[in-house]
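So the chains spell out like this:
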Amino acid sequence: MKLKFDYNNMMDSSIGAHGIKKAEIDKAQNAHAAAYADVIDNSGKGWQEWTETPMISDKTVDELCAFGKAIREKASSFVVLGIGGSALGPICVFNALLHLHHNELPAAMRKAPKLYVEDNVDPERMASLLDVIDIKTTYLNVITKSGETSETLSQFIILYNLLKKELGEAAAKEHIFVTTTDGKGSLYNVAKKEGFKIFGIPAGVGGRFSVLSNVGLVPFAVMGVDVKSMLAGARSMREACERKDIYANPALMTAFLQVKSMQAGKNISVMMPYADGLKTMADFYCQIWAESLGKAVDKAGKTVNCGQTPAKSLGVTDQHSQVQLYTEGPYDKVVTFIGVEKYGATVDIPQDSADVGNFLKGHSLNELITAERKSTEYALTKAGRSNFTIIMPEVNAETVGELLMYFMYETAFAGAYLDIDTFNQPGVEEGKKATFAMIGRAGYEEKLKELNSLVKNDAYIIG
Ligand code: PA5
């Protein structure tokens, strides 16, 4: 494992009364054993098939990469259609591993098509996309686990229709490949009928735990991401997360510390990477943490209404926006910093004759961003605020694979400590059904009646 996890500042030895005592960790041996068993003994079973996603053979990876390369060489633009767990994994990996201005690079430097991950149905966004892509040389990866999601299906219909108009039906089909549950769902049936290439998602891999399945691997292969190193990183984190001793298992330890903090009223979990390339890693974390842990009932059906609200923050940018609140506001947060030891570039601040900022001259932006992260950690710790730091030696395919796997294990362990169903999302499903009803899908007539019966009092509407 290349990542390091420093949880000193969660402990009373660093932050005083608001910290956790070592004795509390040691006393909870039964809880650790139960959480461990819930995740590790069920590894690969039921909804925990995600633990197996990095275990695919090199041969399968080679085939994927060959497919990806063929698309990469002929596409001017590559458009990924998906939402939630079917988009956030690809988004955060591309953000971390591609050039930060990938689409603006000159073609000769880009080495891969322009990339668009479309995870909203804002009509303006779709219209804007159509303004910048050449549909004739655009390739689409439609990703939906259920094959039923309105957002993704609507985008697919629009773009397939355009492709057919421009290229004719036979050629248009060559521009679409679909990632969905094998043998199930509307999109699978259409893909079979139309003859699109299909990449399967195993039945027991849920959306937000699917980044290392074909959901992520197919688009990564197209964009030339080093998939083998990413999977190797994920496997090494899996090994660390299978350690029984909580003091050696980063996901078990931080899940316990988070749950303990949550139970002490720290209901907000801030994810604060100090790297622009990791900005959307915070989005990935926010989704997996929110959708997995925000639950009404525990496994026994008892009302618990649990969860910790995730918030994203970017270092150093949000030091000038949110850190005041983190340092002096309510004691209701745990802040996770992600630090990078070696950035992908070194930028020196030159000696210059302008008589301003003399203390900065001769240093580098690398030194400055690191000093600012450590200073923020210091300020929070001094103010008695719970925080811990994940250190990445550098951001590359291997460490990103580790980080993603860590987030998945940490979430699974946290759900196990809370004794909830980590892998369902009844609240999201309710909204999906209401959308089907409102848009007039057959079979949802009762739901529509229910929606129409909701009383809106005009007296409570302003304007
Ligand atoms: O994590 C989840 O299960 C959700 O966020 C889904 O990924 C999201 O709702 C999209 O669903 P689907 O992949 O079925 O289109």
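Calculation criteria
Residues numbered from 1 in each chain as written. Predicted model: local features only at pLDDT ≥ 70, side-chain atom pairs only at ≥ 80, totals over all residues. Heavy atoms only, no water. Helix = DSSP H or I, 4+ residues; strand = E, 2+ residues; numbered from the N terminus. Axes fitted to C-alpha atoms, helices over the stretch in contact; angles between N-to-C directions. Parallel < 35°, antiparallel > 145°, perpendicular 65-115°, else oblique. Left-handed = near helix turned anticlockwise from the far one by under 90°. Contact = heavy atoms within 4.5 Å. Nonpolar A, V, L, I, M, F, W, Y, C, P; charged D, E, K, R; others polar. Pairing = 2+ DSSP bridges. Buried < 20%, exposed > 50% of the residue type's maximum accessible area, 1.4 Å probe, protein only. Salt bridge = Lys/Arg side-chain N within 4 Å of Asp/Glu carboxyl O. Phe/Tyr/Trp six-rings, centres within 6.5 Å; stacked < 30°, edge-to-face > 60°. Lys NZ or Arg CZ within 6 Å of the ring centre and 35° of its normal. Near = heavy atom within 4 Å. Polar contact = N/O pair within 3.5 Å; in protein donor to acceptor, adjacent residues only side chain to side chain. Areas by Shrake-Rupley, 256 points an atom, 1.4 Å probe, with all protein chains shown as cover.

Trainee: Go over unusual backbone geometry with me, naming the residues and quoting the values.
Mentor: Here the bond from G315 into V316 is cis, since omega is 0 degrees, no more than 30 degrees from zero. Tracing the backbone through its elements, the reader meets V316 in the loop between β10 (309-312) and α15 (323-328). One non-glycine residue, K111, adopts positive backbone phi at about 60 degrees. Examined against the element boundaries, K111 turns out to sit in the loop between α6 (107-110) and β3 (114-118).

Trainee: Now, about the packing of helix α14 (residues 281-293) against helix α17 (residues 397-418): what can you tell me, with residues and values included?
Mentor: Running from N to C, α14 and α17 point in directions that differ by 20 degrees, and their axes come no closer than 10 Å. Taken as axis vectors, α14 and α17 run roughly parallel relative to one another. Crossing hand, α14 versus α17: right-handed. For the pair formed by α14 and α17, the contact residues are M281, F284, Y285, I288, W289, S292 and L293 on the first element and V400, L403, L404, F407, M408, E410, T411, A414, G415 and L418 on the second. For the contact of α14 with α17, the residue count by class is 13 nonpolar, three polar and one charged.

Trainee: Describe in detail the sheet that holds strand β5 (residues 176-181), supporting the description with residues and values.
Mentor: Within a beta sheet, neighbouring strands are joined by backbone hydrogen bonds and run either parallel or antiparallel to one another. In spatial order, the strands read β3-β2-β4-β5-β6; together these five strands make up an open sheet with parallel pairing. Two strands lie at the open edges of the sheet, namely β3 and β6 (197-201), each paired on one side alone. Each strand of the sheet is rotated relative to its neighbour by a mean of 15 degrees, with strand direction disregarded. Judged from the five bridges that link them, β5 and β6 form a sheet pairing that is parallel.

Trainee: How would you sum up helix α5 (residues 88-97)? Please name residues and give values.
Mentor: Think of an α-helix as turning once every 3.6 residues; residues three or four places apart then point the same way. Among the ten residues that make up α5, nine are buried, leaving the element largely enclosed by the rest of the structure. Restricting attention to buried positions, one finds in α5 the residues L88, G89, P90, I91, C92, V93, F94, N95 and A96. Contacts made by the buried residues of α5 are with β3, α11 (214-223), α12 (227-241), α14 and α17.

Trainee: Give a detailed account of the pattern of salt bridges, specifying residues and quantitative values.
Mentor: Going through the model one piece at a time under the given rule, you end up with 24 salt bridges. Ionic pairing is found between K299 and D38, a salt bridge with its closest N-O pair at 2.7 Å. Of the two residues, K299 sits in the loop between β8 (295-297) and β9 (303-306) while D38 sits in helix α3 (residues 29-41), which places them 261 residues apart along the sequence. The salt bridge involving K333 is made with D332; its shortest N-O contact spans 2.6 Å. Each member of the pair, K333 as well as D332, carries the same accessibility label: buried.

Trainee: Kindly report on the packing of aromatic side chains, identifying the contributing residues and their values.
Mentor: If you walk through the whole model with that rule in mind, you get 20 aromatic pairs. For the pair Y160 and F196, a centre-to-centre distance of 5.2 Å together with 85 degrees between the ring planes defines the contact as edge-to-face. Here Y160, found in helix α8 (residues 150-167), pairs with F196, found in the loop between α10 (186-194) and β6; they are 36 residues apart in sequence, far enough to count as distant. This pair shows no difference in class: Y160 is buried, exactly as F196 is. Here the aromatic cluster, defined as three or more aromatic residues joined through ring pairs, consists of F5, F284, Y285, W289, Y406 and F407. Residue placement shows R385 over the ring face of Y331; its charged tip is 3.6 Å from the ring centre.

Trainee: Mind laying out the site of the ligand, listing which residues take part and the relevant values?
Mentor: Surrounding the ligand, one finds 14 residues, the nearest of these being S86, T144, S146, T149 and Q287. Take K145: an N or O atom from its main chain is 2.8 Å from an oxygen atom of the ligand. Between an oxygen atom of the ligand and a side-chain N or O atom of E291, the distance comes to 3.0 Å. Relative to its unbound accessible surface of 380 Å², the ligand loses 93% to contact with the protein. Tallied by class, residues from the shell around the ligand come to one nonpolar, nine polar and four charged.

Trainee: Please set out the side chain of S292 residue by residue, giving values where relevant.
Mentor: Among the structural elements, S292 can be located in helix α14. Exposure remark for S292: the relative accessible area of 0% places this residue in the buried category.

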